[in-house]
Amino acid sequence: MTLALDELSDTLLPRRYQEEIFVRAQQGNVIAALDTGSGKTFISTLLIKWIASREVGRDKIIVFLVPKVALVQQQGEFIGKQTTLRVRQFSGATAHDMGDRDGWKKELEDADVFVMTAQIFLNLITHSHLGIDKVSLIVFDECHHTRKNHAYNGIMREYFQSPVGTRPKVFGMTASPIWNPKNAADSLATLERNLDAKVIAVKEHADELSGHSPKPTELIQTYPTPPATYPEYPSKSLRTRLDLENLPPEIDIAVEKILTRYEVTLFSLGPFGAELFLYMEVKQRVTQLIQEAADNSMDYMTPSQYAHSVLVSAAAPVNVHPKLTELEKTLEAFRDFFDTPEVGDPKEVPLGWCSPKVRKLAETLFGRYTQSFQGIIFVEQRHIATCLAVMLSRIPLLKHIIRSEQLVGHGKDAAKVNTKGMGTRNQQDTVKMFRERLVNVLVATSVAEEGLDFPACDLVIRFDPVQHMVGYVQSRGRARHKTSTFIIMLQEGAQSQEERYLQFSQSEPHLKQVYQQREITRKGPMEEEEGEIHDDPADIAERERYVVPSTGAVLTYTSAIGLLNHLCSLIPRDKFTPMHVPTYEGDNAATVRLPSSLPLPADLLVYEGPPRRSKKEAKRAAAFLAVKSLHALSVFDDYLLPTKSTRGRENEDSDGVPIGNVDKVPDMLDVQVRDPWVQNRTLWLHVVHLDGRPAAGLVTGTPLPPVELVASELFVSTDEPREVVLDPRHAWSQRRVMEDYTRMGLWWCITGRGITLPLTCYLVPIKRDGKIDFEAIELAVLNQFGSWNWEGIGEEHYGHLMYINNKEIGHPLILHSIRHDLTPSSTPPEGSREAAFPTYRAFWTQKYTRKGRAPFIREDGPCIEGYVLDRNSSSAYSLDNDVGAPFLSSNPTTVIFPLDMCRWAVIPEHVYRTFFLLPELCHRITDVWRAREARIALKLPPIAEDLLIQALTLPTTTARFNNQRLETLGDSVLKLAAVVHLYNKYPHRHEGQLDAMKRISVANRTLLARAIERCLERHLSGESPSLRMWRYTAPSKDELFAARPLRRSARRFPRKSMQDCMEAILGASFATAGIDMALLAGAALGVSFGGPSPWSIRYGLRMPKSEPSPLFVTLQETLGYTFEHGQLLLEAVSHPSFASTDSSSYQRLEFLGDALIDMVVTDYLYKKFPEANSGQLSWGRSRAVCATALASLAVKRLQLHQLLLINNVELSMAISKYVPVLEEISEDEVILTGWKHDPPKALSDVFESVMGALLVDCDYNYDKAAAVIEMVMEDILVKLRPDLPRDPVSQLMVWVAKAGCTCISFAKSQSRPELRRHDCMAVIVHDIAVAGPIPAPNISMAKGLAAEEARRVLDDPESPYYLPRICVCGKEKEEKEEAMAVEEEEDAVEIELDMDKLDLNDETTEGFATLARITLDEVEQPVLPAEDDDADDQEGEDDEEIGPELAVEDREASEELEVEEMMMHMDVDA
C-alpha cells in the first residue's frame, strides 16, 4: 500500500525503544526518563489508546497534565491527531468556572481525554467535579516538577488518599528525573515515591535511541570581566537625566527595584542594554500614572468641562504631577534612541556600547552563522531577554543576519507592559515564527527549556550560568542535531560557575546508571523531598485534610490559602477600593484577618491557627482553619466555592428549589386555556339586568358567577345561576329554538351574517317570573329576518322598534317615524344625500341596481325614517366603569327608505339592547370566571377581582386594559421581596453573592419555569375583543353528548406572556393590599420570597437597640425619623475603603435600598398616573432612580457627602469636585438631562444604603419606609410625568426607525492616545459622520451627546445632513421588496425580533437598525396580534356608515343573496 506524503506527516510508527518503554508502562506505573526529542509524548499516546481500549478505561477519563499553559494546545493537538479519542483542552483562559457544574459535567460526558494544566485538575478534585477514582490514566508531562508544593504533588497527595484498587495508572515523562545531583539516589527515590512510579530508561534498544537523540558538542566560552566605564557610550545618559533617586514620594514608582535591575542589566549587557531597560520600564510606569491622573481628573467632569479639557489640555491632562510631565519629556527626548521607528532603521548599537559578554556572544553568532542557522540563547531574567533580543538585531555585525525575538514566561506582575511576561498567544506566535524560520534566534528564559516543540537547533547558548541539573539537561536538549553545539558562557575567573557546569556534565552518565538498569518494584508511600527547607517533616505529619461529607470536596493545607484569596477577590469594590485580600500576622503561630467588607461579625473575621515550625506552614494552618470555619457558616458551599458566586447556569433558586429547564419551551405556546363556554346536558339560566330591570336570560352550559359592568351608559348585571328544567318531551326542540333565537339576535345586532357552528350560550327573552319565554322565542324564530307587515306599527314604536333595509343587510336602524308625507316619488330636500336626484325612487334605483338588475320600487306608499345603529362587533369593556359610547349618539344620523324595502325585528327592545351588550357581557363573564378559577387553582390570596383579571389579560390590539402596568409594578415587587428575603436569609454573604442570587430569583427563566409548574397558561386571557365572527361556539355537536365538558379552548401565546403574568399577579396583589398580600401571592406562585409571613413577623425585633451617634442628628431631623438601631446608620455611611472592625461597609444596605427605592418610585407613579402605560412608568422610574437623581438628593436633601466615611483621597477629591455641580443643577435638569452627568457612584450608593437602613430599622414596615422616601424624594417625584422624553439614543433610534433609514451606526474613538480608552462617539449615516466625534467623561455619555446632535442635524432641512437628502434606504427597500418573497420577509422579521438586545451591536448598521426597531416597538407598546377574524377584519372594516359610500356592490350583493338563500331554507323547513 502506498502512503501519500501529506498523510505520512500525521502517521507515526513507534520505534523499538518507544515500544520497549510502552511495554514496561503496561506492567506498572513508570517514569520514562528520555532525552528531549526522543518521542516521549508519542509513547504516552500508545498508552492512552491501550488504556482506552481496556475494560479498566470504560466510563473513566484519561488526564494528560502539563506544567505550563503553552503546552496545553501543543500536546492536545498531538494526541488528537494520533488517536480517535475525544480530546478536550483546558487552561486558565479556556476552562469553565469551577462553579459551572453543568458545564464540567457535560465536558466529562463528551470527552475521553482531558489535556490541562495541573492546577485546573487539582481544582476539579478540590471542588468535587472529578474524583481520582473516575480517572483511568494520569500522564505527567515534565514530571520532575512533582516536588514540594507544585500542583503535581498536590494531585498525588489526593491519589494516595484513594484506595489502592481505585487508583489510576501513572505515567511520567521527563528528560531530567534527578533534581539534585549531589544526592542522586535520594532525589530519584523522592520522585518515585511522590509519583508512585519507577524511573525507567531504555535498556534493550539504547543504540537506536542514541541515534535519534545525539549529544551536541559542548563548549565553554569565556568572556572578560565588565569594565567600570564605557567611554564610547554618550555621556548624557538617560540614567543621569531621569534622576530617579530624587523623585517625590507621592509618585508611585518602585525606584529601588528598578535601579537594582538596572545595575544587573548594566553588568550583563552594558550601558545601552541597561538604559534600554530603564527607558522601557520608566516609560511604561509614567504612561500608566499619567493615564490614571487623566482618568481621575476627567471622570467626574460635566460634558462641557470635558470637551474644554480635551481642547486645551490635549498634550497634558489636568492634575498631572509636574515631575511626571518632566519625566515624560525626558523619555520623549530619548525616543528615537531606543524605540524602533515605524519607517527606517532603528538606532545601531555599536559593540563599544555593549558588555564584553554581549560582544563575545555577537562574535560567536557571527562565526557560526549559516544560511539555515537557528539558535536559542538562554537567560535567567525576563528583562534581560527583552533587551538582548532588541540589541542583537541592532549590532552592526549581526543586523543583516540575525532576526531575534524574545520568548519568556507569563510572569506575575500584571502592572507592567514591556518587562512583564508574554501571553500564551504571543508565545505560540513566536514559536511559530521560529519554526517557519521568520526568526532565527530566540532569546528565552526557562520557558523554552522544556515541553515546547522546537525544531532542533544548530546552536544553544547558556548566556547566564546554569543553576541546576534540570536546567542544564533541558536546555542542552534543544541542541539535538548531530552537528549541534551547546555553549556555556562563563566569565573569566568564575571558578565556581565552571565547577558547577563540569559537575553537571561529568555526573550525568553516572546519574543515568542509577535508574537505567533497574526493574519495576513496589514503592512505599509518598514522602516529601528529603532536605526540603520549607516544609518540616513534623509539620507535614500534622497536616489535616477535610472532606465535605455531602460532596467529597477536599480542603488541604495547600489549597486553603488559594480558596481564601478567591473568596476575597469576589467582594465587590469600586475603582477607589483596593483589591480585598486576607492579611496574615505572626510567625510560628499565624492569625488570618479577613476584609471587613465580608458581612461577618468581627469575631468571625479573625482566625488564629495552631503553632507550626515554619512561618509558611503556620500561614497554611490558619487559612485551613478559616476555610473550614467559613464552610460551617455557609460562606463556602459544599463544593468549597464561595456561595452563589458561580457563573455557571443555575438550576435552583436561593431556597434550593430546583428550577426546571425551559430551554426547549418554544417562543410561541399552543395551550388549552380554561373557558366556561361549553355545551352541556345541564343548562343554567342567568337573568341579565339592565339598569336594575330584568331584560333577558343568558343560558349556558356552565354555572357562571354573577358579574357587573357598565357599557353603553347602562349598568349591566347578572344573577346567580339557576338550573334550566326543559320539558322532557320537547327538550331538543326547545334547545333548537333557543339556539335559533340567539342566532337571529346575533345576526341583527352583532355579526350581520349567519353562524354555522353550535352555540355555547343562548340569550333569550324571559317572563315576569324569570323563566324562559318559549312562546316569544318561537314567534320570533318564525320571522328571523324580520317582518314585512307594518300594520299596527305606530307612534308608540318610534324610538324603540329595530328594523333593517333589505338592500343593506347588516345595518340595523331604529324607527324614528313613518313618513306618510313622503313617497318614493317625492323630491328630496336640498342638502340631503338624495338631493342630486329628482326623486327618492331615482336615487334608490341607481343605488341598488346590481349587474344591470334594477330593484322594484313602488312610486307610491309611505317612507320610513330611522336612526342608523352601529353593530357591536367588539367585546372590549372598561374596568373603571367608563360608561362607554351611548346606544344612540346625541345627534344620530337619520336615513329614509321606502316602506316596502324594510323589515322590522320581532325582538323586544330590552332583549335587542341586551344583544348589543352581549359581547361585553360574555367577555366580562369569561374574565371573572377565569380569575376565580385561577385563584382556586393557584391558591392565590383574595386579590381584587378586577386587578386579577387585569393581571391575567395579555395585551391585544383593541383591549381597553391589559397586564402591562401591573407587570411593571410587579417587577419592582418581585425585586424588593426577593432582595429582602436574601438580605435576611444570608447575613454572611456580600453584595456580589446576594446580587447573583437575586438575578436567579427574578430571572425570566425562573419565572417561566414556576409558571409552567403551576400551569399558569391555562388561566390567561388573550382573545381579541373583535367579534366579527362569533367566538362563543362549540367545535361540533359532539360536545353536547360528553359526560363531562372540557371547558377549555385552544389558544396561542408568546412564552414571554407567562413571566409577564407572574409579575402582573404580584403587582395585582400589591395593589390590593400591599406587600403582605404580595408575599402571600409570591408563596403561592413558588417565587423565592421566603414564605407568606409578613416581614415584621419574620425579621422584626432582631437587632439590639443602640443610640445613634450625634453625627446623625441632622440627618434624622431631615428624614423626620428617629433610628432605634444606631449601628445601621454607621454601616450605611461606611464606604468599602473605610476598613472598620466596628461595622461592615454599606454594600449590603445599598443592595437593599436599591430595590426599596425602585419599589417606592414605581408605586408612586402607578398610583399617580393611572393612564400611563408600562413604558411610560418604566421610563419615569428610570429617571427618578438614576445615579444623578440619587446623588443630587444625597447632597442637596440629606447632605450625606458630609457624613460619608471614606479612606481614599482620590474618591474624596472626586466627590468634593462634583458636589457644587449637584448643588447647582435643578430637578428639571436631573430628570431631563441627568444622563449628561456622571457623579461619583458613592453618592448614589450612600443614599440607597441609608434608605435600606431605614427599612431595616422600622422592622421592615414598607408603608412607613415608603412614606419617608416619598417625602425625601418629593422634589424629584413631582417633576415626573408620563410624557417624559426618552434618552437621546432611544429618541434617535425611534426617529430613524420611523423614517425608514437602516444605514446608520455609532463609531467610538479616542480624544488622545495616552488615555488608552475610548471617550469619543460619532454617528455615521450612509458613511458620513453627521455628528462627532464628541468627547465625554465616559463612552455612554459621549453616545448620548452624539445622538442628540445627530437627531438635530438630521431633522434640520437647512443642514447638509438632512436625512431625506442623504438617505436612499427607501429606494433600496422598494427594490429589495420587489425581489423578495413575502414568506422570506416574514421569516426575517421574526428572526430580528427574537434577538436579545444585549447581543446586538449598535456600531454596525445591522445592529443599530435592529435595535431601533426593537426600541420603536417598546415605545409604541407592541401588542399581541388578534387571534380571531383577521380575514374578516380585512374584508370590511365596519363596512362604513350608510351613505353614498356605504359599501362595495359585491359585498352588498353577496349579503342579499345570503339572506335570500337562508329565507328559502326557512320556507322549505316550514
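Residues numbered from 1 in each chain as written. Predicted model: local features only at pLDDT ≥ 70, side-chain atom pairs only at ≥ 80, totals over all residues. Heavy atoms only, no water.

Visitor: Teacher, can you tell me more about the overall build of the chain here?
Guide: From N to C terminus, the chain includes 51 helices and 34 strands. By residue count, 56% of the 1470 residues in the chain fall in the buried class. Taking as baseline every contact in the chain between residues at least 6 positions apart, the subset at least 24 positions apart corresponds to 74%. Looking at the chain as shown, the accessible area adds up to about 64,300 Å², and 51% of this sits on carbon and sulfur atoms. (Helix = DSSP H or I, 4+ residues; strand = E, 2+ residues; numbered from the N terminus. Buried < 20%, exposed > 50% of the residue type's maximum accessible area, 1.4 Å probe, protein only. Contact = heavy atoms within 4.5 Å. Areas by Shrake-Rupley, 256 points an atom, 1.4 Å probe, with all protein chains shown as cover.)

Visitor: Where do I start with the pattern of salt bridges in this structure?
Guide: Note on pairing: side chains with opposite charge can pair once their charged atoms come close. As enumerated under the stated definition, the model contains 62 salt bridges in all. The salt bridge involving Glu380 is made with Arg462; its shortest N-O contact spans 3.2 Å. Here Glu380 is found in the loop between β9 (375–378) and α17 (382–392), whereas its partner Arg462 is found in strand β12 (residues 459–462), with 82 residues between them in sequence. Relative accessible area serves as the criterion here: at 39%, Glu380 is assigned to the partly exposed category. A salt bridge links Arg1281 to Asp1283; the shortest N-O distance between them is 2.7 Å. Taken together, the shared-partner salt bridges in this structure form one network comprising Asp539, Glu542, Arg612 and Arg613. (Salt bridge = Lys/Arg side-chain N within 4 Å of Asp/Glu carboxyl O.)

Visitor: Would you take a moment to explain the pairing of strand β6 (residues 169–174) for this structure?
Guide: For a regular strand, side-chain orientation follows a simple rule: the groups alternate between the two sheet faces. Among the 6 residues of β6, 6 are classified as buried, and the element is accordingly described as predominantly covered. The alternating pattern of β6 places Lys169, Phe171 and Met173 on one face and Val170, Gly172 and Thr174 on the opposite face, and all of these are buried. The sheet contact formed by strand β1 (residues 30–33) and β6 spans 4 bridges and is parallel. Pairing of Ala33 across the sheet is with Thr174, part of β6. In terms of strand pairing, strand β5 (residues 135–141) meets β6 through 5 bridges, oriented parallel. From the neighbouring strand, Phe140 faces β6, where its bridge partner is Gly172. Handedness of the crossover is the feature at issue here: the chain leaves β5, passes through helix α7 (residues 151–161), returns alongside β6, and the resulting connection is right-handed. (Pairing = 2+ DSSP bridges. Right-handed = clockwise from strand over helix to strand, strands pointing away.)

Visitor: Looking at this structure, I do not really get the pairing of strand β2 (residues 61–66). What am I missing?
Guide: Judged by how many residues are buried, β2 sits mostly within the fold: 6 of 6 residues are covered. Burial along β2 is two-sided: the face carrying Ile61, Val63 and Leu65 and the face carrying Ile62, Phe64 and Val66 are both buried. Judged from the 5 bridges that link them, β2 and β5 form a sheet pairing that is parallel. If you follow Val63 over to β5, its bridge partner there is Ile138. Both β2 and strand β4 (residues 113–117) contribute to a ladder of 5 bridges, which runs parallel.

Visitor: Just to check I follow, could you spell out the packing of helix α30 (residues 991–1002) against helix α36 (residues 1147–1168) for this structure?
Guide: Helix-helix packing is described using two parameters, namely the angle between the two axes and the distance between the axes. Running from N to C, α30 and α36 point in directions that differ by 30°, and their axes come no closer than 9 Å. Taken together, the axis directions place α30 and α36 in an arrangement best described as roughly parallel. For the pair α30 and α36, contact is made by Glu991, Leu994, Asp995 and Lys998 and by Gln1147, Arg1148, Glu1150 and Phe1151, respectively. (Axes fitted to C-alpha atoms, helices over the stretch in contact; angles between N-to-C directions. Parallel < 35°, antiparallel > 145°, perpendicular 65-115°, else oblique.)

Visitor: Hey, could you run me through the side chain of Asp927 in this one?
Guide: Tracing the sequence through the fold places Asp927 in helix α27 (residues 909–937). One buried charge, Asp927, has no salt-bridge partner; the nearest side chain with opposite charge is Arg930, at 5.1 Å. Not counting residues up to four positions away in its chain, the partners in contact with Asp927 are Tyr877, Ile949, Phe961 and Ser1021. (Lys, Arg positive; Asp, Glu negative; His and termini not counted.)

Visitor: Explain the sheet that holds strand β7 (residues 198–200) to me, please; I cannot follow it from the model alone.
Guide: The strand order across the open sheet formed by 7 strands is β3-β4-β2-β5-β6-β1-β7, and the pairing between neighbours is parallel. Looking along the sheet, the strands with just one partner apiece sit at the ends: β3 (87–90) and β7. Mean inter-strand twist for the sheet, computed between neighbouring axes without regard to direction, equals 20°.

Visitor: What's the story with the sheet that holds strand β29 (residues 894–898) in this structure? I'm lost.
Guide: As summarised here, the arrangement of the 5 strands in space is β29-β28-β27-β26-β30, forming an open sheet in which the pairing is antiparallel. The outermost strands of the open sheet, each flanked by one partner alone, are β29 and β30 (902–904). The average undirected angle you get between the axes of adjacent strands in this sheet is 40°. Judged from the 5 bridges that link them, strand β28 (residues 863–868) and β29 form a sheet pairing that is antiparallel. Bridge assignment links Ile864 to a residue of β29, and that residue is Phe897. Packing of helix α24 (residues 731–751) onto the sheet brings it into contact with β26 (802–805) and β30, and relative to β26 it is tilted by some 75°. The strands that helix α26 (residues 840–848) touches are β26, β28 and β29; relative to β29, the one it contacts most, it runs at about 90°.

Visitor: Any chance you could explain the nonpolar core here in plain terms?
Guide: As a rule of thumb, nonpolar side chains are buried together in soluble globular proteins. The biggest cluster of nonpolar side chains holds 217 residues, and the ones touching the most others in it are Trp1030 and Phe1247. Take this core: its biggest share by element is 15 residues, from helix α32 (residues 1056–1085). Residues contacting Trp1030, with those up to four places away along its chain left out, are Leu746, Ile750, Thr751, Ile755, Leu759, Cys761, Leu918, Pro919 and Cys922. Phe338, Ile377, Leu459 and Met489 belong to the second largest nonpolar core, which has 62 residues in total. (Core = buried A, V, L, I, M, F, W, Y, C linked by side-chain atoms within 4.5 Å.)

Visitor: Whenever I open this one, α26 confuses me. Can you help?
Guide: Given 3.6 residues per helical turn, the α-helix brings residues three or four places apart onto the same face. Among the residues of α26, Tyr840, Phe843, Trp844, Lys847 and Tyr848 are the ones counted as buried. Burial along α26 is one-sided: seen end-on, the buried residues are contained in an arc of 105°. The secondary structure elements touched by the buried residues of α26 are β26, β28 and β29. (Arc of directions from axis to C-beta.)

Visitor: So what exactly am I meant to see when it comes to helix α41 (residues 1241–1257) here?
Guide: Helix length check: α41 (17 residues) gives 24 Å between terminal C-alpha atoms against 24 Å at 1.5 Å per residue, within 8%. Of all the 17 residues making up α41, 16 are buried; the element is thus mostly covered by neighbouring parts of the structure. Asp1259 occupies a position one or two residues after α41 and carries a positive phi of about 55°. (Expected span 1.5 Å × (residues − 1).)

Visitor: Can you help me understand the environment of Glu542 in this one?
Guide: Mapped onto the elements, Glu542 comes out in helix α21 (residues 537–542). In the structure, Glu542 is positioned 79 residues away from Ala621 in sequence and 9.8 Å away in space, judged by C-alpha atoms. Ignoring anything within four residues of it in the chain, the contact list for Glu542 reads Tyr557, Arg612 and Arg613.

Visitor: Sorry if this is basic, but what is going on with the confidence of the model for the chain here?
Guide: Atomic detail in the predicted coordinates should be set aside for any region of low pLDDT. For the chain, the mean per-residue pLDDT works out to 84, and 86% of the residues sit at or above 70. Every residue in residues 413–419 is under pLDDT 50, and counting partners more than four places away or in other chains gives 16 contacts. Across residues 527–533, confidence stays below pLDDT 50; counting only partners more than four residues off in sequence or on other chains, it has 14 contacts. (pLDDT = per-residue confidence, 0-100.)

Visitor: Would you mind showing me how to read unusual backbone geometry here?
Guide: Across residues other than glycine, the phi torsion is negative in most instances, and most of the peptide bonds are trans. Cis geometry marks the peptide bond from Gly1332 to Pro1333; its omega dihedral reads 5°. Counting through the fold element by element, Pro1333 comes out in strand β34 (residues 1328–1335). Of note in this structure, Ser128 is not a glycine but carries a positive phi near 60°. Within the secondary structure, Ser128 is located in the loop between α6 (118–126) and β5. Its identity is not glycine, yet Asp1259 carries a phi of approximately 55°, on the positive side. Note that Asp1259 resides in the loop between α41 and α42 (1262–1272).

Visitor: What is the right way to read the packing of aromatic side chains from this model?
Guide: Note on aromatic pairs: each is described by the distance of the centres and the angle between the planes. Enumeration over the complete set of coordinates arrives at 30 aromatic pairs. When the centroid spacing of 5.4 Å and the interplanar angle of 35° are considered together, the rings of Phe337 and Trp353 count as tilted. Note that Phe337 is positioned in helix α15 (residues 335–338) and Trp353 in the loop between α15 and α16 (356–368), a separation of 16 residues in sequence. Owing to a relative accessible area of 9%, Trp353 belongs among the buried residues under this scheme. Of the aromatic side chains, those joined through ring pairs into one cluster are Tyr233, Phe272, Tyr279, Phe334, Phe337, Phe338 and Trp353. (Phe/Tyr/Trp six-rings, centres within 6.5 Å; stacked < 30°, edge-to-face > 60°.)

Visitor: Can you walk me through the environment of Ser1137 in this structure?
Guide: Along the chain, Ser1137 falls in the loop between α35 (1126–1132) and α36. Once the C-alpha coordinates of Ser1137 and Asn1208 are considered, the two residues, 71 residues apart in sequence, prove to be 6.4 Å apart. Not counting the four nearest positions on each side in its chain, Ser1137 is found in contact with Phe576, Thr577, Ile1206, Asn1207 and Asn1208. A distance of 2.8 Å separates a polar atom in the side chain of Ser1137 from a polar atom in the side chain of His1135. Here the side chain of Ser1137 touches Asn1207 through a polar contact of 3.1 Å, landing on its backbone nitrogen. (Polar contact = N/O pair within 3.5 Å; in protein donor to acceptor, adjacent residues only side chain to side chain.)

Visitor: Can you walk me through the environment of Gln950 in this structure?
Guide: The topology assignment puts Gln950 in helix α28 (residues 945–952). By relative accessible area, Gln950 is classed as buried at 12%. In this structure the C-alpha to C-alpha distance between Gln950 and Ala1068, which are 118 residues apart in sequence, comes to 8.0 Å. Apart from residues no more than four positions distant in its own chain, Gln950 is found in contact with Leu879, Phe961, Asn962, Asn963, Arg965 and Leu966.

Visitor: It is not clear to me how the state of the cysteines should be interpreted in this structure. Could you clarify?
Guide: The term disulfide refers to a covalent linkage connecting the sulfur atoms of a pair of cysteines. The tally for this structure, following the rule as stated, stands at 0 disulfides. Its sulfur unpaired, Cys922 is 4.3 Å from the next cysteine sulfur, which belongs to Cys761. The thiol sulfur of Cys1303 is not disulfide-bonded, and the nearest other cysteine sulfur, from Cys1369, lies at 5.7 Å. (Disulfide = S-S within 2.5 Å.)

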